[in-house]
Amino acid sequence: MKNSHSYLAAILLRAEWGLSVILHLKGSPSSPGTLNEQAIWPFFKKPYACGRGGCGACTVMVSKRDPTSQEIRHFSVTACLVPICSLYGAAVTTVEGVGSMKTRLHPVQERIAKSHGTQCGFCTPGMVMSMYTLLRNHPQPSEEQLLEALGGNLCRCAGYRPILASGKTFCLVSRGLRGHPQSKNDGDRRSKLFVKEEFQPLDPTQELIFPPELLRMTENPEKRTLTFHGERVTWISPGTFKDLLELKAKHPEAPLILGNTSLGPAMRSKGCLYPILLSPARISELNVVSKTNDGLTIGAGCSLAQVKDILAERVSELPEEKTQTYRALLKHLKSLASQQIRNMASLGGHIISRHSYSDLNPILAVGNATLNLTSEEGTRRIPLSEHFLAGLASADLKPEEILESVYIPHSQKWEFVSAFRQAQCQQNALPDVNAGMRVLFKEGTDIIEDLSITYGGVGAATVSAHKSCQQLLGRQWDELMLDEACRRLLDEVSLPGWAPGGRVEFKRTLVVSFFFKFYLQVLQELKKLIKPFPVPVSALAFMGSWQHKLPPSSLLFVDSHQPLQDPVGRPVMHLSGLKHATGEAEFCDDIPMVDKELCMALVTSTRAYAKIISVDLSEALEIPGVVDVITAKDIPGINGTKDDKLLAVDEVLCVGQIICAVVAETDVQAKRAIEKIKITYEELEPIIFTIEVSRVPGLSYKVVESEVPCKLLNARLIQGEVHVGGQEHFYMETQRVLVIPKTEDKELDIYVSTQDPAHVQKTVSSTLNIPINRITCHVKRVGGGFGGKIGRPAVFGAIAAVGALKTGHPIRLVLDREDDMLITGGRHPLFGKYKVGFMNNGRIKALDIECFINGGCTLDDSELSSWKFLILKLENAYKIRNLRFRGRACLTNLPSNTAFRGFGFPQGTLVTESCITAVAAKCGLPPEKVREKNMYRTVDKTIYKQAFNPESLIRCWNECLDVSSFHNRRKQAEEFNKKNYWKKRGVAVIPMKFSVGFAATSYHQAAALVHIYTDGSVLVTHGGNELGQGIHTKMLQVASRELKIPMSHLHICETSTAMVPNTIATAASVGADINGKAVQNACQILLKRLEPIIKKNPEGTWEEWVTAFEQRISLSATGYFRGYKAFMDWEKGEGDPFPYYVYGAACSEVEIDCLTGAHKKIRTDIVMDACCSLNPAIDIGQIEGAFIQGMGLYTTEELKYSPEGVLYSRGPDEYKIPTISDVPEEFNVSLLPSSQTPLTIYSSKGLGESGMFLGSSVFFAITDAVAAARKERDIAEDFTVKSPATPEWVRMACADRFTEMVYICPLPLEPPSHPTPWAIFK
Ligand SMILES: Cc1cc2nc3c(=O)[nH]c(=O)nc-3n(C[C@H](O)[C@H](O)[C@H](O)COP(=O)(O)OP(=O)(O)OC[C@H]3O[C@@H](n4cnc5c(N)ncnc54)[C@H](O)[C@@H]3O)c2cc1C
Ligand code: FES
Ligand code: FES
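Predicted model only: the values in this text are computed from it and were never measured.

Asker: When you look at the pairing of strand β17 (residues 610–616) in this model, what are you seeing that I'm missing?
Answerer: For a regular strand, side-chain orientation follows a simple rule: the groups alternate between the two sheet faces. Pairing of β17 with strand β19 (residues 651–652) involves two bridges; the strand directions are antiparallel. Residue K611 lies in a different strand from β19, and its bridge partner there is E651. Taken together, the six bridges between β17 and strand β21 (residues 678–683) define a ladder with antiparallel strand orientation. Across the sheet, the residue bridging to D616 is K678, located in β21.

Asker: So what exactly am I meant to see when it comes to the pattern of salt bridges here?
Answerer: Side-chain pairs of opposite charge can arise whenever the charged atoms involved come near each other. This structure, assessed with the given rule, holds 67 salt bridges. Between R503 and E1288 there is a salt bridge, and its shortest N-O distance comes to 2.8 Å. Taken together, the residues span a long stretch of sequence, with R503 in the loop between α19 (479–492) and α20 (504–529) and E1288 in helix α39 (residues 1287–1293) at a distance of 785 residues. For K806, the salt bridge is made with D628, and the minimal N-O distance between the two is 3.1 Å. One end of the pair, K806, is in helix α26 (residues 792–807); the other, D628, is in strand β18 (residues 626–630), and 178 residues separate them in sequence. Relative accessible area serves as the criterion here: at 40%, K806 is assigned to the partly exposed category. Look at D628 and you get buried, because its relative accessible area is 17%. One network of salt bridges, in which partners are shared, links D432, R503, E1198, K1282 and E1288.

Asker: Please clarify how the sheet that holds strand β41 (residues 1140–1153) should be interpreted in this entry.
Answerer: Each strand in a sheet pairs with another by means of backbone hydrogen bonds, the pair being arranged parallel or else antiparallel. Taken together, four strands build an open sheet; the order of strands is β33-β41-β42-β44 and the sheet is mixed. Of all the strands in the sheet, just β33 (983–996) and β44 (1226–1231) have a single pairing partner and so form its edges. Going across the sheet, the axis of each strand differs from the next one's by a mean of 15°, ignoring polarity. Relative to β41, β33 is paired through 14 bridges, and the arrangement is antiparallel. Its bridge partner lying in β41, K993 is registered against Y1143. Taken strand by strand, helix α36 (residues 1176–1195) contacts β41, β42 (1159–1168) and β44, and its axis lies near 130° from that of β44.

Asker: Please explain the packing of aromatic side chains as it appears in this structure.
Answerer: The relative placement of two aromatic rings is captured by the distance of their centres and the angle of their planes. According to the stated counting rule, one finds 30 aromatic pairs in the structure shown. Their ring planes at 80° and their centres at 4.9 Å tell us that F122 and F587 sit as a pair that is edge-to-face. A residue pair is termed long-range when its members are at least 10 positions apart, and F122 in the loop between α5 (107–114) and α6 (124–137) and F587 in the loop between α22 (577–582) and β16 (598–604) qualify at 465 residues. A relative accessible area of 8% places F587 in the buried class. Taken together, F416, F420, F441, W477, F514, F515, F516, F518, Y519, Y981, W982 and F1298 form an aromatic cluster joined through their ring pairs. The ring of Y88 has R282 lying over it, and the distance from NZ or CZ to the ring centre is 5.1 Å. Taking the ring centre of F1260 as reference, the NZ or CZ of R931 above it sits at 5.4 Å.

Asker: What exactly am I supposed to notice about the site of ligand 1 here?
Answerer: In the region of ligand 1, 32 residues are neighbours, and L258, T261, L263, S346 and D359 sit closest. Between ligand 1 and the protein, one listed contact pairs an oxygen atom with a backbone N or O atom of L263 at 2.8 Å. The side chain of R421 places a nitrogen or oxygen atom 3.2 Å from an oxygen atom of ligand 1. For ligand 1, whose free accessible area comes to 990 Å², the fraction covered by protein is 93%. Sorting the residues of the shell around ligand 1 by element identifies α15 (347–353) and β11 (402–409) as the ones contributing at least two each. If you tally residues by element for the shell around ligand 1, the top one is α15, at five residues. In terms of residue class, the shell around ligand 1 is made up of 18 nonpolar, 11 polar and three charged.

Asker: Looking at this structure, I do not really get the UniProt feature "binding site: FAD" (unreviewed entry) in the protein. What am I missing?
Answerer: Here the UniProt-annotated "binding site: FAD" (unreviewed entry) positions come out as L256, I257, L258, G259, N260, T261, S262, L263, D359, L403 and R421. Excluding anything up to four places from it in sequence, T261 contacts L81, I341, M344 and A345. The partly exposed category is assigned to S262, whose relative accessible area is 23%. Other than its neighbours up to four places away in sequence, S262 contacts S353 and H355.

Asker: Quick question: what am I supposed to make of helix α25 (residues 757–768) here?
Answerer: Given 3.6 residues to a turn, an α-helix orients residues that are three or four positions apart in the same direction. With 12 residues, α25 ought to run about 16 Å at 1.5 Å a step, and its terminal C-alpha atoms sit 16 Å apart, in line with that. Extensive coverage of α25 is indicated by the burial of nine of its 12 residues. Taken residue by residue, α25 has P757, A758, V760, Q761, T763, V764, S765, T767 and L768 as its buried positions. Buried positions along α25 lie against β25 (748–752), β26 (775–779), α26 and β37 (1055–1056). After α25 finishes, the residue N769 shows a positive phi value of roughly 60°.

Asker: When you look at unusual backbone geometry in this model, what are you seeing that I'm missing?
Answerer: Peptide bonds are, in most cases, trans, and in most cases residues other than glycine have a negative phi. In this model, E685 is joined to P686 through a cis peptide bond whose omega is -5°. You can see P686 is positioned in the loop between β21 and β22 (700–704). Cis geometry marks the peptide bond from S1283 to P1284, where omega comes out at 5°. Inspection of the secondary structure assignment puts P1284 in the loop between β45 (1281–1283) and α39. Here the phi dihedral of W414 falls at roughly 70°; this positive angle occurs in a residue that is not glycine. Positionally, W414 belongs in the loop between β11 and β12 (415–423). One non-glycine residue, S1243, lies in the positive phi region at around 65°. If you trace the backbone, S1243 turns up in the loop between β44 and α37 (1251–1254).

Rules of the game
- Residues numbered from 1 in each chain as written.
- Chains lettered and ligands numbered in written order.
- Predicted model: local features only at pLDDT ≥ 70, side-chain atom pairs only at ≥ 80, totals over all residues.
- Heavy atoms only, no water.
- Pairing = 2+ DSSP bridges.
- Helix = DSSP H or I, 4+ residues; strand = E, 2+ residues; numbered from the N terminus.
- Salt bridge = Lys/Arg side-chain N within 4 Å of Asp/Glu carboxyl O.
- Buried < 20%, exposed > 50% of the residue type's maximum accessible area, 1.4 Å probe, protein only.
- Axes fitted to C-alpha atoms, helices over the stretch in contact; angles between N-to-C directions.
- Contact = heavy atoms within 4.5 Å.
- Phe/Tyr/Trp six-rings, centres within 6.5 Å; stacked < 30°, edge-to-face > 60°.
- Lys NZ or Arg CZ within 6 Å of the ring centre and 35° of its normal.
- Near = heavy atom within 4 Å.
- Polar contact = N/O pair within 3.5 Å; in protein donor to acceptor, adjacent residues only side chain to side chain.
- Areas by Shrake-Rupley, 256 points an atom, 1.4 Å probe, with all protein chains shown as cover.
- Nonpolar A, V, L, I, M, F, W, Y, C, P; charged D, E, K, R; others polar.
- UniProt positions renumbered as here; feature names shortened; annotations may be inferred.
- Expected span 1.5 Å × (residues − 1).

This is the structure we're talking about:
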């Protein structure tokens, strides 16, 4: 192990920096074998959510001293991609090092928690570290810097707004806590959710200093080559440039490892292994920057973040005409990946990786950049040409050469360079298509002297349209040229129908739309230079690109007039908020390794429907460290159900079905063994993926008000179809479980991330064939569930338990993101057909909706949760007297779909609302008029005959119209649309009647156990699980009110099946309601017992009263709530299935770019009826978080499967949940002034799910804008509604001459057999 000791010791890490790793590294690492392959996250134990740099959960700060400037650079990185060996001479700060509850909280930690920016808290350490790093560099950042810093941190719960609000308290010019738009009914009920003035100030002088040991190291830098030998990989870090060149000559196949953002993901997902890695991190020659009169040379080792700063500086120094290429690069450097990735990725690594989606290579290519290459043989210069980008050997680096620097020439007068990109989201998303374009005109004219165009995302490499450009030389920059250019470009940049990445028509449309944008931009520039210069009208209607703005923090809540000590109704911070922010909150996988623990990894089917012929485990069992492989034969009890096996027996029904599980000493060994298991299959038929071709009948249900046909009602009739795609839960904490077998009586302790521990307990019991009373499930907290942790955790718990029983060892099973997404299923995709009869005034006389949902390969929750609920909820807020709703769940060969926030409501109601929009279009009325006309207004009965009072619905609707100034904004949008051809605005307001709860009384039971201890402290336990929704906080608020003691006396430790048995899943928005009732009951019982003592000493203290114990009064009580009555008679289609309704309304406004399909969210106003909220901060957080998740469902989240049924979208790269830049620029949520619901705890309402559907207001605003574009283009007004409204859908719906060209210009030849598309979209 040459030099390894000094090398490792040089990674100086100290306890106050939050690093426990130093002790581990300074001695002999226990498993050096994997050390140099490993990213740092396991050492720092950072939250692990994707492992690919795409979510930011593992963000830490790295500090290094720059050898040239001697300045200390602090930058954020994603720990999952940072190899431990790359940290030579660097200091790493983790969230634990920033501050802690035991010592001192850092202001960032305090503010994110107190601003209610944490829910499940799994993303919080990453958020804190991104913000902390920003403040280390800019103690008073701008709002733009804040958005940039947080752009790479995903949060699935909180909806980002409160996180931004906390960050904004540090900003120099903050728009502050702006008041909510005034409503007539406001009165004095507005208030703040937090008080900024109470926060401790940020004092940069108090930050940790850079370790002096490291400073000394940089003063006298180590020049020796440092080598670290691992089991499979050797890491070599030369100290001089000469040594680097020598090493490259000796190991020409060895890659240079810089940021590891290209190599790392490839090593992980494609299993690439490089025996030698050369790290040039200490070579200062690769970081040299030199400016000349005609260009700029940037060292290949500079990070993309540094490149951004260098270019920005040059742009500020030079005249505009010289910086065209630099500005184009800067534009893409703002949206390329995240701040963390830009901090890690190097310019050299970016160029050499030659990803087809590269955002910089197309611009560098058109900008005539050249590459300075060096080897032991000497130096040479090659152009960054199309041949280089295509990897042609004659134009490429030689294996022994390295890229030393990149030369980017200045642009000149009469030269224009632009960059374009279109991705699923504005930020942190790989582009679908991008382009670099440059034109040079003959001086003083609009005659093309030189033209270069390159595209990314349209082939295996960046593609140059060289031929087309050559043919356009000498042409005038006019409409004729534009037409010809588009035809030529479509011809040259060809994409076959089966092209990887799919979206062929969309990509081809972007190819010409980008050129059109370039044409318009250049016209505007020529207009400035050539006078007079005629500019066509279309160019005047062009607008530049969008800049995202930060949403103001405007909120209000209903303040109550109650004793100060009573916390109910107050915005109490999440109980775990500070622990989330300091990293002290313990999730399932944070439980330290237990004695003799083993790891488990799952083997899944690669076939969609097949017979298992054989499973050969022999090679896998030979891998060192592998202990066993668990198969169905090892299950002593019941293997799931007949149709839904825990482990497949002789047949698989989908790709991703679990077949067996490897148990090994380490996670890495278990994963290696998986690759060695050989399974042979015999394909079966028919294989079915989509609802449309599903011939397998599932169960069907219907509710019917009356079957009167429309024609008898003299109504006009239209019919239509609606497609709603599925959705991945994307909880940040993937499924995980730790099973610890005990030595006695077959007892098991199970620590599991679940919404339903009793279900895990029962399933483990039946699988192992041991009584339930031997099994205890513990849930401390869950890093997000959203329905995805109701059923599935039982499967993982049971398989791990079989492993534990067989091996006698504790078993830890942690799914990585890819497996989690592959195996667990998600929201049901829906296909809806409707027929609607209506009058000219918009009154709907009859409505017939038939819905089909894709259940996947087993019934799972398809029957109860999604589909029966869906049918019952379809009517939403509308009173339509002749209704027929039918639903069918279709069996397909996809992973089983399951419960997801809203249980079918978000999909089904989109059909109803689409139908209303279609009626409005036919009647020539605004959709909101038709909505109003058909809404319930007075006390009434639903389609299933449940009585209800819609007063709050109408109040929410009116309030929403009022606070959003809807009618004014509708007019303004129309004015905007008249003036803008290529951009359109849309507004929509959507009402909501959401039924809360399960449609069965037994599901509404709850129990609680409250102990008072003799010191007066109280331990509360109840049946709900903390998923981030703040249930524990609310429960303590309830206990505090009931026992009349401060919350500081109360504590909740965990949810445990031993403390409260036979619990119901925490779901259906009723968790806090029903458990609150149980806690209330337990507290009231205790208080009743204490009453005689209190009466005797009414002036006594709580501590004095609890001495009641000495008088033989039990201080422990079980509370029980029997549940809300709920039933449904499906024969009659009648019942009272839901305890109550939540009402709300949302208004959203968007602007779409008709040329690319992108949209920006201008504003959203939500008014929700929360009755008397238990905790308005938590409830508003639930509404905002659900709204943003709904927005994702309806606009960006798209599941893609291969034609063989393999899920492509298995991580944050391919599956886009909303990021911080997707939050509407103005986002106002308000709660309706209190109304009463005597049924529930203190008249509160469960708000966990309802906000999800309100995300559809963004969808309908987009379709409103699309409709405006189509109207102007004279295209049919009605069009098939498809959710999500992705940029692809929007672009193709805004048909124009460019989309026409795509259809007219034939595609290149398809392969001889029938072409199979790259993907099927679900
Ligand atoms: C989450 C995520 C999001 C991303 N989003 C985007 C995006 O939106 N747009 C986009 O364009 N890109 C994106 N990328 C890709 C990213 O830009 C590249 O991965 C990155 O630029 C590669 O640089 P690196 O230093 O990390 O390369 P490494 O992974 O360290 O190395 C990559 C390759 O380059 C070679 N190499 C590196 N330096 C030299 C040199 N000096 N001489 C010779 N060979 C060299 C290595 O041998 C290796 O083969 C994303 C990446 C991630 C992980
Ligand atoms: S970015 Fe590291 S776990 Fe997601
Ligand atoms: S709080 Fe952000 S993911 Fe849960």
